[in-house]
Amino acid sequence: MRTLRFLLRKEFLQIFRDRTMLRLMIAAPVIQLLVLSNAASFEVREASTYVVDLDNSTASRGLVQRMVASGRFEVADASPSMELADQALLSRDVSIVLRIPPDFERHLTRAGEAPVQVVLDAEDGAGAAVLQSYVRRIIADHARELTTTLRPDRRTAALTDPATPPTASTIDVRTRGWYNDELRYYDYMVPGILVLLVTIVATSIAAMNVVREKEIGTLEQLNVTPVTRAQLIASKLLPFWIIALVDLGIGLLVARLVFDIPMRGSLLLVFFAAVLYLFAALGIGLWISTIAETQQQAMFISFAINMVYLLMSGLFTPIQSMPVWAQAIAELSPVKHFIVIMRAVLVRGADLAAIQAPLIALAAYGAIVLMMAARQYSKTTR
Amino acid sequence: MMKPSLRGFIVKETRHILRDRQTLLILLLLPLAQVLLFGYALRTDIEQVRLAVVDPVPDAASHELRSRFAGSGVYEIVRNVPTTEALTDLFEQGAIDQAVVFGPDFGSALGREKPAELLIITDATDPNSGSTMQAYARGVVEAFEREVSAQGPRPLRIVPELRMRFNPTLESVNLFIPGLIALVLTLVSALMSAISLSREKERGTMEVLLVSPLRPWQIIVGKVLPYLGLGLINVVTVLLAARIVFDVPIRGSVALLLAECLLFIVTSLALGILIAAITSSQRTAMIGSLLALMLPTTLLSGMIFPISSLPGWLQPVTHTVPAKWFILIARGIMLRGVGLDYLWLETTILLALTAAILVFAIRAFDYRLG
């Protein structure tokens, strides 16, 4: 135990002496959190719209107004020419074209049904799908309102009973978006980005630290001392385990103060999960350090591994959208489990019982990876 | 005709690259792996929604609507729970994505004066998936509603005829491939040429080259030219893989696309030279490339994350990122099928940026090593 204490002191002295390294580990995560949370976003903002209103009636103007009032669309241009609209779409001046055909209102009153054409720039399929859902909803709402204003005749009288709100439909559908009703994108991304930051410290920087001793040749010196391998590994990994937890704490503080992320669950639970997760992350870092000879290699390998892990972790895109075999691979990623836990605890307020499955996975993963990496480590340095 | 000294130098550099089999293999296979990874992993289309049903008093109508959800192809009813309270646990565990709560007298209210009550609860942790799932559920309910109320008085209907231009199937991979080309070229052409040039500086062999009959610009050209060839191979690999595996279209002119790729390779090489010029060691060149090239290319180019999603103050910054212009051009040619008549502005900007970087890099390059 005393040996370990001395070793740890040496490691911390080394870390605190290297100001660049220290800055890299404390300041960089905060900057990354601020930048990534703003840049890594699929948030769908106001879409510029080209309106081709060939009817120019109360009903058609009302539809355009309703779209603007929703805050999801803004009218960038309007003309009766579909050709001009198409050019605007091709040159990216607008991302959606709304065409209201002539006699729109007349068809509605006579036949009770009228079409409108909506052309969406679907280059970005995900964004287009979201915009499409807004458009459909606004059009449905407008039709509902028109039912009461446009046709105040006997047929609809039954539907517009003054006692009930004028829904004019047979089913009163209410929709609720739980946990994030305002659809704030930060609430989704920031908990995941915190995982990313902790991962970088635990895998890349820890790996580079071990490899540096290899490069300089001091690792061999350490190997011939009476220090056991377990002590050596512990002394190499523990500092980063602590620094990563400190980083997580700072990150959570920034998330709370800057991004106003809800923290509905217990923070203690978040740290408990982080403690388990870091065993896995550090184990991977240790493993990288056994196969890399230079810091440059360590950086490249951890970059490649982290890229695969992060892309397949559900950080940016939902896991369920992946093909089944890719989902199976994602299941093997500790990053995925930790992100699931972070989102569940922070955003949904999950308790220990709700997240026990990913927690067990993390613990198992950590134990296995760390053990394998430690075995590999002693083999290569002997 | 090229001077024999320069030709000999280029041959030597090419041999250098070809000799390091391991790095070469990584450089050739990396783009392929990335196409597969991006194509399969980075998807946002929602194909399966796990649904819970709260139906305290089941009747014929609620049964019918349930089977419609189940038969829609998207929904899978995974749970039936008695109360709305029970949903909290399921959502927290992440066991369900959405829930449908029937009003207590759903069936009997249907077709009466008062509308039947239906509550749709969606896990909106991910805002985009949340709104898409909400729209799915509304679609199912509305179709059901139309049929149920077919006999009675019908509300007015506005039928939206939606057309998804440029990417009708909403495939995410179509969006990502042009960006991936930019990423691979930044990685291979810029990063590798920067490291290769700075290695020469670090080892002191640059001095040897400088006293040779080669002019300084010839040294730079000779060092980066092989990476131009490698970059072109990568472009073709990515395009072929995208075409064969994911059926990504190239609707415009292939010749124009390749020409624009060539232009962007030159841009990347210029960036590589610039980085090598202002750094002194391989390590700083590498960290510099990662921070100054990879980060903007992945985050500020619209490659994965739409530029329109960035905060207002960050959007003007993207104008200075060459990859942004290249991606606009590549998407224009591949997905929109437009030519230079629509892309002349982007091309001009990319040309101007490239020229500026190139001039700056060659001036900054320190030929007299001190």
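See the structure above.
Below: a short report on this structure. (Residues numbered from 1 in each chain as written. Chains lettered and ligands numbered in written order. Predicted model: local features only at pLDDT ≥ 70, side-chain atom pairs only at ≥ 80, totals over all residues. Heavy atoms only, no water.)

As a further point, take the overall build of chain B. Scanning chain B from N- to C-terminus turns up 13 helices and 5 strands. Here chain B has a C-alpha radius of gyration of 29 Å; the compact-globule value for 370 residues is 21 Å, and the former is much larger. Principal axes of the C-alpha set define a box for chain B whose edges measure 95 × 45 × 40 Å. When burial is assessed residue by residue, chain B has 54% of its 370 residues classed as buried. For chain B, contacts bridging at least 24 residues in sequence account for 76% of all contacts bridging at least 6. A total of about 15800 Å² of accessible surface is found on chain B, and carbon and sulfur atoms cover 63% of it. (Helix = DSSP H or I, 4+ residues; strand = E, 2+ residues; numbered from the N terminus. Rg over C-alpha atoms; globule rule 2.2 N^0.38 Å. Buried < 20%, exposed > 50% of the residue type's maximum accessible area, 1.4 Å probe, protein only. Contact = heavy atoms within 4.5 Å. Areas by Shrake-Rupley, 256 points an atom, 1.4 Å probe, with all protein chains shown as cover.)

Attention now moves to the pattern of salt bridges. All told, the structure shown has 22 salt bridges over all chains when counted by the stated rule. For arginine 336 of chain B, the salt bridge is made with aspartate 121 of chain A, and the minimal N-O distance between the two is 2.3 Å. Here the residue arginine 336 of chain B occupies a position in helix 12 (residues 322-336), and aspartate 121 of chain A occupies one in strand 4 (residues 113-121), the pair thus bridging two chains. Given the relative accessible area of 14%, aspartate 121 of chain A is considered buried. A salt bridge links arginine 68 of chain B to glutamate 64 of chain B; its shortest N-O distance comes to 3.0 Å. Here arginine 68 of chain B and its partner glutamate 64 of chain B are both found in helix 3 (residues 60-71), 4 residues apart, which amounts to about one turn of the helix. When its relative accessible area of 23% is taken as the criterion, arginine 68 of chain B is described as partly exposed. (Salt bridge = Lys/Arg side-chain N within 4 Å of Asp/Glu carboxyl O.)

As a further point, take the side chain of threonine 199 of chain A. Residues and elements named next belong to chain A. Positionally, threonine 199 belongs in helix 8 (residues 185-216). At 2.6 Å, the side chain of threonine 199 and the backbone oxygen of valine 195 are in polar contact. When residues no more than four places from it in sequence are discounted, the contact partners of threonine 199 are Ser204, Tyr277 and Asn306. (Polar contact = N/O pair within 3.5 Å; in protein donor to acceptor, adjacent residues only side chain to side chain.)

Take the nonpolar core next. Counting residues in each nonpolar core, the largest one holds 199 residues, and the members touching the most others are Phe316 of chain A together with Phe38, Leu87, Ile177 and Phe326 of chain B. Not counting residues within four places of it along the chain, the set of residues in contact with leucine 87 of chain B comprises Trp178 of chain A together with Ala52, Val54, Val81, Ile96, Ala99, Val101 and Ile121 of chain B. Judged by nonpolar contacts, the second largest core, of 32 residues, contains Ile96, Val118, Ala129 and Val135 of chain A. (Core = buried A, V, L, I, M, F, W, Y, C linked by side-chain atoms within 4.5 Å.)

Across all of its chains, the model carries 12 aromatic pairs over all chains by this definition. Seen in terms of ring centroids, phenylalanine 38 of chain B and phenylalanine 176 of chain B are 6.3 Å apart; in terms of plane orientation they differ by 80°. Their pairing is edge-to-face. Of this pair, phenylalanine 38 of chain B sits in helix 2 (residues 21-41) while phenylalanine 176 of chain B sits in helix 7 (residues 172-203), and the two are 138 residues apart along the sequence. In this structure, phenylalanine 38 of chain B and phenylalanine 176 of chain B share a single accessibility class: buried. Members of the aromatic cluster, connected to one another through ring pairs, are Trp325 of chain A together with Tyr40 and Phe246 of chain B. Seen from the ring of tyrosine 188 of chain A, arginine 343 of chain A lies directly overhead, with NZ or CZ sitting 3.8 Å from the centre. Over the aromatic face of phenylalanine 166 of chain B sits the side chain of arginine 336 of chain B, whose NZ or CZ is 4.3 Å from the ring centroid. (Phe/Tyr/Trp six-rings, centres within 6.5 Å; stacked < 30°, edge-to-face > 60°. Lys NZ or Arg CZ within 6 Å of the ring centre and 35° of its normal.)

With that settled, consider the environment of leucine 29 of chain B. All names here are of chain B. Within the secondary structure, leucine 29 sits in helix 2. Its relative accessible area of 47% is what places leucine 29 among the partly exposed residues. Counting along the chain gives 205 residues from leucine 29 to asparagine 234, while the straight-line C-alpha distance between them is 8.9 Å.

Turning next to empty space enclosed by the protein. Space left empty within the atom packing is revealed by a probe, the size of a water molecule, rolled over the atoms. This structure, assessed with the given rule, holds 3 cavities of 30 Å³ or more. In this structure, the largest cavity encloses a volume near 50 Å³. What lines the largest cavity is Phe42, Asp124, Gly125 and Ala126 of chain A together with Thr44, Leu170, Glu171, Ser172, Leu175 and Phe176 of chain B. Those elements giving two or more residues to the lining of the largest cavity turn out to be helix 6 (125-150) of chain A together with helix 7 of chain B. In terms of residue count, helix 7 of chain B provides more of the lining of the largest cavity than any other element does, 3 residues in total. (1 Å grid on protein atoms, 1.4 Å probe; cavity = no way out; pocket = protein on both sides within 12 Å on 5 of 7 lines; lining within 4 Å. Points joined across faces, edges and corners; volume = space filled by probe spheres on them.)

For the rest of this paragraph, the subject is the side chain of serine 235 of chain A. All names here are of chain A. The topology assignment puts serine 235 in helix 10 (residues 229-257). Overall, the relative accessible area of 1% leaves serine 235 in the buried class. When near neighbours in sequence (up to four residues on either side) are disregarded, serine 235 contacts Leu4, Leu7, Leu8 and Glu11.

The next point concerns the sheet that holds strand 3 (residues 96-100) of chain A. Strands sit in the order 2(A)-1(A)-3(A)-4(A)-5(B) across an open sheet of 5 strands; the sheet is mixed. Two strands lie at the open edges of the sheet, namely strand 2 (73-78) of chain A together with strand 5 (157-165) of chain B, each paired on one side alone. When strand polarity is set aside, the average angle formed by the axes of neighbouring strands in this sheet is 30°. Bridge count for strand 3 of chain A against strand 4 of chain A is 4 bridges, and the pairing is antiparallel. Bridge pairing in strand 4 of chain A links arginine 99 of chain A to glutamine 117 of chain A. (Pairing = 2+ DSSP bridges. Axes fitted to C-alpha atoms, helices over the stretch in contact; angles between N-to-C directions.)

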